[in-house]
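Spelled out, the chains give:
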Amino acid sequence: MEHCDGENDYMQPEDDWDRDMLLDPAWEKQQRKTFTAWCNSHLRKAGTQIENIEEDFRDGLKLMLLLEVISGERLAKPERGKMRVHKISNVNKALNFIASKGVKLVSIGAEEIVDGNAKMTLGMIWTIILRFAIQDISVEETSAKEGLLLWCQRKTAPYKNVNIQNFHISWKDGLGFCALIHRHRPELIDYGKLRKDDPMTNLNTAFDVAEKYLDIPKMLDAEDIVGTARPDEKAIMTYVSSFYHAFSGAQKAETAANRICKVLAVNQENEQLMEDYEKLASDLLEWIRRTIPWLENRLPENTMQAMQQKLEDFRDYRRLHKPPKVQEKCQLEINFNTLQTKLRLSNRPAFMPSEGRMVSDINNAWGGLEGAEKGYEEWLLNEIRRLERLDHLAEKFRQKAAIHEAWTEGKEELLQKRDYETASLSEIKALLKKHEAFESDLAAHQDRVEQIAAIAQELNELDYYDSPSVNARCQRICDQWDALGAMTMKRTEALQRTEKLLETIDELYLEFAKRAAPFNNWMEGAMEDLQDTFIVHTIEEIQGLSTAHEQFKATLPEADKERLAILGIQNEIAKIVQTYHVNMAGTNPYTTINPQEINAKWDKVRQLVPQRDQALIEEHARQQNNERLRRQFATQANVIGPWIQTKMEEIGRISIEMHGTLEDQLTHLRQYEKSIINYKPKIDQLEGDHQLIQEALIFDNKHTNYTMEHIRVGWEQLLTTIARTINEIENQILTRDAKGISQDQLNEFRASFNHFDRDHSGTLGAEEFKACLISLGFDIANDAQKRTGIMDADDFKTCLISMGYNLGENEFSRIMSVVDPNRMGIVTFQAFIDFMSRETADTDTADQVMASFKVLAGDKNYILADELRRELPPDQAEYCIARMAPYTGPDGVPGALDYMSFSTALYGESDL
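Notes on the structure in this doc start here. (Residues numbered from 1 in each chain as written. Predicted model: local features only at pLDDT ≥ 70, side-chain atom pairs only at ≥ 80, totals over all residues. Heavy atoms only, no water.)

**What to know about the pattern of salt bridges**
Then, in step 1: Evaluated as defined, the whole model comprises 46 salt bridges.
Then, in step 2: Of the charged contacts in the structure, one is a salt bridge between glutamate 511 and arginine 515, with a shortest N-O distance of 3.8 Å. Of this pair, glutamate 511 and arginine 515 both sit in helix α21 (residues 507–531), 4 residues apart, which is roughly one turn of the helix.
Then, in step 3: For glutamate 511, a relative accessible area of 34% gives the class partly exposed. (Salt bridge = Lys/Arg side-chain N within 4 Å of Asp/Glu carboxyl O. Helix = DSSP H or I, 4+ residues; strand = E, 2+ residues; numbered from the N terminus. Buried < 20%, exposed > 50% of the residue type's maximum accessible area, 1.4 Å probe, protein only.)

Structural data, given as structure tokens:
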């Protein structure tokens, strides 16, 4: 090439270099300053710089980094040791790289650089500048130096007092530098105000403007040039070449506009997906927020009807309201994963939903919903049982209280009578016997009073809503009972005092009273038992009641004999009265029970027996129907439950097997999903059977271990698992198509993963993951590697270096922000594969977009709305105008827009 001659012209032998140094030491100072600034202008791209040019290159590390930055190529891995042999090795690698570019290094050895030889170091840097900054400059097939000089002459030709003939004294007055800047960026310098006799002002103006607006570091001070008779040619050439590169790299506006359109289209699509996610997440979280307080409400109702309505509302929630939300939650996760995949493939930062709307936030909210729901149904059923029990006890209390109150009616007046004071002896004896019979009757009623008190206590313990009225009634009964006891004792004492005066006693009346009272109590107890309500839940319980009832019926013949015997006593009394003409005043003085009452109660007992038979038969039939419902539900549940488990295991196997292409696997999974959805009618049928069971108030089922809750959770997990598996295959297809990864490569990744997934769990342990990476050709550090199954930041950086990457801290931080957007400090296998795929693909960067905007703006630091509308399609031009911030630089004009901050925001480096 023509460049080679120019290169050889300016790579002088070492003796010329030595002579230059000896002739004018000021040149060495200029070269130090210029070369240091030139090196730092490139090293800052890697996040570092040098202070002393002969000292900071001694270990070879920054020298190698400089060559990598300016060449865009990777050098051999540097030695990290501190010994001299390591430093010499690194410098040799740099010198070998320079030589590989066709540059002859005359008398420059690694040992001199390591020893800090200033003139050798400066000579080496000049060689690098010639090769990478000046050699490629060519104007009309001239050499590098001549081409650069010709470019300067042409650019400064229109300017007065500027005559560029060389790279030393032609630049001393500073007008040459100012003319170059004004020719390309006239708004930066007011050239008409410059004077040739003021070189210090001219040079400082040019150097300051170049550093501030053209990103050209200040390589010399004005004093260095003005104070030297003949400025150093190499320093001036280096400085001027920076101006050449700053002004000669524009691309065509059409290419820039196309790149911007492409970037903006991707960004618009991603923003729409983000808005859709935010809305769906917000709606789902709002529904959860409204539903949880309803499920957490444990305020009981006072009636069965109200609690059953709550249970029906909960069933509607499970059948009608929750299933669509389960689908929405699953779709939300799928949309989120798809969006993140598209962002990775388009080299965009990961999507971070607004606070409180992360997938983890939705999962936490959903977990709260599930937690509230878990105990709500159980609480409803327990409340229904409690109310059922309370209604039964309250009715029983009212029956027993009514019987007792009816029995006690008039007893106080009877006990307070003083009829014994005027009665005859026979009447006294009768009153005494009658009172003894009353005491017997009173003792017989003691159990009923205790039962009433016990029932009232139980109603209080079960928090019966009408407990105050129950307690008041119970208290009245107990107070009356105590009063009856006291009055009975008082009357007993009075009769016993009178008994000494009375001798005649009517044995028959007494015998009738003694036998009639227990029998009457027995009949009242029998009627009470026959009318007593019962509650059972199993066939065994109703059979027990039926057996007890049969045993009761077996006692009726003996009871009838007792009744006839009691009636026989009364007949004997009547016979004696009739025979001996006994003057009896009224009825039996010992009891209020008469034969008519006994017969009436006996008839009532006989009437209640068949009614009880019928009630037991009906309850037996209801329990048989409940048992049928239990078996019917259990038969289906015992089939559906194992079926769901089998399908879950099959999906797990499908997700790790490799049969055909990804499209074949996707088609297979969708057909599999369809077959699962077709099974939904069986689930609905089981829901119907479950509803019948709940309506029948059946609370247990010994024929199956599956509950409807188990089936529902299993079904929801099955639908979610198949949907997620399909989404994983779709994301693999997106990655493959976007990155050009072949099917064989994907199969290799999957085969390695499956090979080390020993337990077929779909995940890898630490050792399994390490072995899998080694099998794919990665060099993983051995003992120092933390065995967690994933790489932390330091491990990942070491891995990249081992594969040929030499990263500064800033560059490594950028890579970590891509592969670890959530800043967890770890790198997953998928993220690592995405990163490697992306590194091999041609992707857009913020700097490329920024350069494209600069072309459209005519090299200005800002751009106008009219320029955007002229170069871009209308919708994308308006998109930029709406989002670009006003330009605030000193060179701005009204309506100027800041395209630089906009470009960095597109790639997440700032806020959009």
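Structure shown, so let's carry the discussion forward.
**A few points about the environment of aspartate 744**
Then, in step 1: Positionally, aspartate 744 belongs in helix α28 (residues 743–756).
Then, in step 2: Taking C-alpha positions, aspartate 744 is 9.4 Å from threonine 661, a pair spaced 83 residues apart along the chain.

**Quick word on the nonpolar core**
Then, in step 1: In this structure, Ile128 and Phe243 are the most contacted members of the largest nonpolar core, which totals 79 residues.
Then, in step 2: At 11 residues, helix α8 (residues 118–134) tops the list of elements feeding residues into this core.
Then, in step 3: Among residues more than four places away in sequence, those in contact with phenylalanine 243 are Trp151, Phe177, Leu180, Ile181, Ala210, Leu214 and Ile216.
Then, in step 4: Formed by 28 residues, the second largest nonpolar core is a distinct cluster that contains Phe633, Leu662, Ile683 and Ala696. (Core = buried A, V, L, I, M, F, W, Y, C linked by side-chain atoms within 4.5 Å. Contact = heavy atoms within 4.5 Å.)

**Considerations on the side chain of asparagine 90**
Then, in step 1: Take asparagine 90: it is sitting in helix α6 (residues 84–100).
Then, in step 2: The class of asparagine 90 is buried, set by a relative accessible area of 1%.
Then, in step 3: With sequence-adjacent residues up to four places away left out, asparagine 90 is seen in contact with Asp59, Gly60, Leu61, Met64, Pro78 and Glu79.

**Considerations on unusual backbone geometry**
Then, in step 1: At aspartate 215, a residue that is not glycine, the phi angle is positive and equals roughly 60 degrees.
Then, in step 2: Along the chain, aspartate 215 turns up in the loop between α11 (199–213) and α12 (222–226).
Then, in step 3: You can call aspartate 215 exposed: its relative accessible area is 53%.
Then, in step 4: If you check the backbone angles, aspartate 859 has positive phi at about 65 degrees while not being a glycine.
Then, in step 5: Along the polypeptide, aspartate 859 turns up in the loop between α33 (846–856) and α34 (865–871).

**Digging into α11**
Then, in step 1: Relative to the 21 Å expected for 15 residues at 1.5 Å per residue, α11 spans 21 Å between its end C-alpha atoms, a close match to the ideal helical length.
Then, in step 2: Taken residue by residue, α11 has Asn202, Leu203, Ala206, Phe207, Val209, Ala210 and Tyr213 as its buried positions. For α11, the angular spread of buried residues about the axis comes to 165 degrees, placing them on one side.
Then, in step 3: Contacts made by the buried residues of α11 are with α10 (175–184), α12 and α13 (233–247).
Then, in step 4: Following α11 by one or two positions, aspartate 215 has its phi on the positive side, about 60 degrees. (Expected span 1.5 Å × (residues − 1). Arc of directions from axis to C-beta.)

**Details of the packing of aromatic side chains**
Then, in step 1: For the structure shown, the criterion picks out 22 aromatic pairs.
Then, in step 2: With 3.6 Å between their ring centres and 10 degrees between their planes, tryptophan 643 and tyrosine 679 make a pair best called stacked. Note that tryptophan 643 is positioned in helix α24 (residues 595–656) and tyrosine 679 in the loop between α25 (662–677) and α26 (680–695), a separation of 36 residues in sequence. Neither tryptophan 643 nor tyrosine 679 differs from the other in exposure class; each is buried.
Then, in step 3: Their ring planes at 80 degrees and their centres at 6.0 Å tell us that phenylalanine 853 and phenylalanine 902 sit as a pair that is edge-to-face. With phenylalanine 853 in helix α33 and phenylalanine 902 in helix α36 (residues 899–906), the pair connects residues that are 49 residues apart, well separated along the chain. When sorted by exposure, phenylalanine 853 lands in the same class as phenylalanine 902, which is buried.
Then, in step 4: Among the aromatic residues, ring-to-ring pairing joins Phe167, Trp171, Phe177, Phe207, Tyr239 and Phe243 into one connected group. (Phe/Tyr/Trp six-rings, centres within 6.5 Å; stacked < 30°, edge-to-face > 60°.)

Honestly, that's just the spatial picture; any functional story needs more than this.
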